[in-house]
Amino acid sequence: EDQVTQSPEALRLQEGESSSLNCSYTVSGLRGLFWYRQDPGKGPEFLFTLYSAGEEKEKERLKATLTKKESFLHITAPKPEDSATYLCAVQARWTSGSRLTFGEGTQLTVNP
Amino acid sequence: DSGVTQTPKHLITATGQRVTLRCSPRSGDLSVYWYQQSLDQGLQFLIQYYNGEERAKGNILERFSAQQFPDLHSELNLSSLELGDSALYFCASSVGALRQSTDTQYFGPGTRLTVL
């Protein structure tokens, strides 16, 4: 069974204080690892897809990296508008369909 | 705006009732997915349709059913509702790529269901 574990559950940062969020996964053949951002009461917003170990992707202050067992979302010099829950999900290669298995998320708060 | 639309935004109903949630996918997307998000369980996959046919099933209760119509919109029917069914229900859509390729899902704004 595919599993995704995210840590920490919650993270408080001061504006400009860089940090990383962790996503550990076990999956029967990784087809893709996804990062989403979710604001309260809203739908998840797609950020990145990573396909294979060693891959990195960047978007503004966010950078996602992937190893064979983990993914990290690095946040550089965060701003208050980066406050949200960040979700990690995996898509497995050898299952029917294209379901995503999500972690519980990391709730990020950036204080001004 | 992801391009995925869901109606209604909010739904309040009583135990034992039946409701229908509606989803329109992004233009060009053939796959539709339904997820449930409750406070204690995170986002859980329910079911996927591809071009009108069921493709994958997750932890969907027998009281729940879904379908995808020829115009590709989808409906999720929830019946004999219980208090524990209160949750956010999200629809997502994707192109519907072949199995070997990743298939990015774009989520709608959700329907908040409250069962009293």
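Trainee: Please provide a residue-by-residue account of the environment of A:C88, values included.
Mentor: Mapping A:C88 onto the fold places it in strand β9 (residues 84–92). Beyond its immediate stretch of four places on either side in the chain, A:C88 contacts A:V4, A:Q6, A:C23, A:L33, A:F34, A:W35, A:T101, A:F102 and A:G103.

Trainee: Lay out the sheet that holds strand β3 (residues 19–26) of chain A in plain terms, naming residues and giving numbers.
Mentor: Residues and elements named next belong to chain A. Taken in spatial order, the five strands make up an open sheet running β1-β3-β8-β7-β6, and their pairing is antiparallel. Both outer strands of the open sheet, β1 (3–7) and β6 (56–59), are each paired with one neighbouring strand and no more. Neighbour to neighbour, the strand axes of the sheet diverge by 15° on average, direction disregarded. Pairing analysis gives five bridges linking strand β7 (residues 62–66) to strand β8 (residues 70–75), with the strands arranged antiparallel.

Trainee: Quick rundown of the state of the cysteines? Include the residues and the values.
Mentor: Residues and elements named next belong to chain A. Overall, the coordinates contain two disulfides over all chains when judged by the stated rule. Two residues, C23 and C88, share a disulfide whose sulfurs are 1.9 Å apart. The disulfide joining C23 to C88 has a torsion of about -60° about its S-S bond and is therefore left-handed. Here C23 is found in strand β3, whereas its partner C88 is found in strand β9, with 65 residues between them in sequence. The class for C23 is buried, based on a relative accessible area of 0%. Residue C88 is classed as buried on the basis of its relative accessible area, which comes to 0%.

Trainee: Residues and numbers for the pairing of strand β2 (residues 10–14) of chain A, please.
Mentor: Residues and elements named next belong to chain A. Side chains L11 and L13 project from β2 onto a buried face, and the interleaved A10, R12 and Q14 project onto a face without burial. Where β2 lies against strand β11 (residues 106–111), five bridges are found, and the strand directions are parallel. In the strand pairing of β11, A10 is matched with Q107.

Trainee: Kindly report on the pattern of salt bridges, identifying the contributing residues and their values.
Mentor: All names here are of chain B. Summed over all chains, the structure comprises seven salt bridges over all chains. Among the ionic pairs, R26 bridges to D29, the shortest N-O distance being 2.8 Å. Its relative accessible area of 2% is what places D29 among the buried residues. A salt bridge links E82 to R63; the nearest nitrogen and oxygen atoms lie 3.7 Å apart.

Trainee: I'd like to hear about the environment of A:L66, residue by residue, with values.
Mentor: As for its placement among the helices and strands, A:L66 is situated in strand β7. What A:L66 contacts, discounting residues up to four positions off in sequence, is A:Y25, A:L30, A:L33, A:L50, A:Y51, A:S52, A:A53, A:G54, A:E55 and A:S71.

Trainee: So, the interface of chain A and chain B: which residues are in play, and what are the values?
Mentor: Between chain A and chain B, the residue contacts involve 24 residues of the former and 27 residues of the latter. Here chain A and chain B share an interface that buries about 1900 Å² over both sides, 50% of which is from carbon and sulfur atoms. One can count eight residue pairs in polar contact (both at pLDDT 80 or more) joining chain A with chain B. Elements with a contribution of two residues or more to the side of chain A that touches chain B: β4 (30–38), β5 (45–50) and β9 of chain A. Residue composition of the side of chain A that touches chain B, grouped by class: nine nonpolar, ten polar and five charged.

Cut-offs used in this document
Residues numbered from 1 in each chain as written. Chains lettered and ligands numbered in written order. Predicted model: local features only at pLDDT ≥ 70, side-chain atom pairs only at ≥ 80, totals over all residues. Heavy atoms only, no water. Helix = DSSP H or I, 4+ residues; strand = E, 2+ residues; numbered from the N terminus. Contact = heavy atoms within 4.5 Å. Pairing = 2+ DSSP bridges. Axes fitted to C-alpha atoms, helices over the stretch in contact; angles between N-to-C directions. Disulfide = S-S within 2.5 Å. Buried < 20%, exposed > 50% of the residue type's maximum accessible area, 1.4 Å probe, protein only. Salt bridge = Lys/Arg side-chain N within 4 Å of Asp/Glu carboxyl O. Buried area = accessible area lost by both parts, 1.4 Å probe. Polar contact = N/O pair within 3.5 Å; in protein donor to acceptor, adjacent residues only side chain to side chain. Nonpolar A, V, L, I, M, F, W, Y, C, P; charged D, E, K, R; others polar.

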